[in-house]
Amino acid sequence: RRNEDPTPLPRMSSTSRDERCLLAVPKKGRLHERCMKLLQGCGLECERAERLDIAHCDNIPITLVFLPAADIPKFVGEGNVDIGITGQDVIREESVDVTQLLELGFGKCQLAVQAPKGQYASAADLIGKKIVTSFPNLTAQFFKELAASKGRTEDTTVVAVGGSVEVSCTMGLGDAVVDLVETGATMDAAGLEKLDVILRTQCVLIANKSCGHPAIVDRLKKRMQGFLDAQQYSMVSYNVHAANKAAAIAITPGRRSPNVTNLEEEGWFAISAMVKKSELMDVMDRLADCGAIDILAFDIRSCRGSAQSQ
């Protein structure tokens, strides 16, 4: 896709374009699914008609535009859409001047130099060789800088392909590849090993430098941050006697402080606090051990304020 012209923008009336903030999201695959889950968590309500690459949100003046992830940086950078969700890897590859608003925490992977197992000791051994990749600009820059740092003068040949990069060495197209690595399973299955990492990447929210809808963008950014924060925490609620109150609060200090309320029964308190999901079971065990009772855990759909600023 990188050597093709970008996907044409779906037609919209000028009135609709002026009034609505255009948000580009990947049109298919795992990134599309994660983006739609995020947007639903932010309260965006919209329905995408079959075979149509736009969807108007009913409850906020945002229109979703579904594009290939590799095209989104260019559309945002040139102002065809206002904001977009895509990977840091394609932004760097396209060298587009956009504003990164928020790291979204999904789509995390590495753009790595990979070679057949046991054939090369380091990426420096590939200087002057043939490298196959879907990221020709980043790859060429990496090997140019690597050669300069090693005092080497050979030119490394970069071959650009659109997909199935991992089979290139087996098919004789190149000596090594530069490709994205998430779990490493595909790399291992292709008989490759990682020699170096060019870039660590994840999905981000980006905006055009002259975006015409700053208030809408700021509202969406806060909603996204609140949803992402909420995914990391649960709310724990419990009752505890005054004699064990200090010990219980030490276990559940919350993001700022726990919420403490007197119960009708003298000497007893109801306490609630945000707890990291990764620590939830251990926290509940420790609360029970210190004398807390009626211990409950609740999911948090979203949050605002101090929880997202600390």
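Our subject is the structure that appears above.
Below: a short report on this structure. (Residues numbered from 1 in each chain as written. Predicted model: local features only at pLDDT ≥ 70, side-chain atom pairs only at ≥ 80, totals over all residues. Heavy atoms only, no water.)

A closer look at the pairing of strand 4 (residues 83-87)
Judged by how many residues are buried, strand 4 sits mostly within the fold: five of five residues are covered. Here strand 4 runs beside strand 11 (residues 203-207); their pairing, made up of five bridges, is antiparallel. Looking at strand 11, one finds that Ile83 is bridged to Ala207. (Buried < 20%, exposed > 50% of the residue type's maximum accessible area, 1.4 Å probe, protein only. Helix = DSSP H or I, 4+ residues; strand = E, 2+ residues; numbered from the N terminus. Pairing = 2+ DSSP bridges.)

Quick notes on helix 9 (residues 280-289)
Within helix 9, the full set of buried residues consists of Leu280, Val283, Met284 and Leu287. Projected onto a plane normal to the axis of helix 9, the buried residues spread over an arc of 100° and lie on a single side. Structural note: helix 9 exposes Met281 and Asp289 on the side pointing more than 90 degrees away from its buried face. Contacts made by the buried residues of helix 9 are with strand 12 (233-241), helix 8 (242-251), strand 14 (268-276) and strand 15 (293-299). Positive backbone phi, approximately 105°, marks Gly291, located one or two places after helix 9. (Arc of directions from axis to C-beta. Contact = heavy atoms within 4.5 Å.)

Notes on the sheet that holds strand 10 (residues 192-201)
If you walk across this open sheet you meet the five strands as 8-7-9-6-10, and the pairing is mixed. Edge positions in the open sheet fall to strand 8 (157-160) and strand 10, since each of these has one partner strand only. Put simply, the sheet's adjacent strands are angled 25° from each other on average, direction ignored. (Axes fitted to C-alpha atoms, helices over the stretch in contact; angles between N-to-C directions.)

Regarding the packing of helix 2 (residues 29-41) against helix 7 (residues 214-232)
Interhelical geometry of helix 2 versus helix 7 gives an angle of 105° and a closest axis separation of 9 Å. Taken as axis vectors, helix 2 and helix 7 run roughly perpendicular relative to one another. Of the residues in helix 7, those in contact with Lys37, Leu38, Leu39 and Gly41 of helix 2 are Met224, Phe227 and Leu228. For the contact of helix 2 with helix 7, the class distribution of residues is five nonpolar, one polar and one charged. (Parallel < 35°, antiparallel > 145°, perpendicular 65-115°, else oblique. Nonpolar A, V, L, I, M, F, W, Y, C, P; charged D, E, K, R; others polar.)

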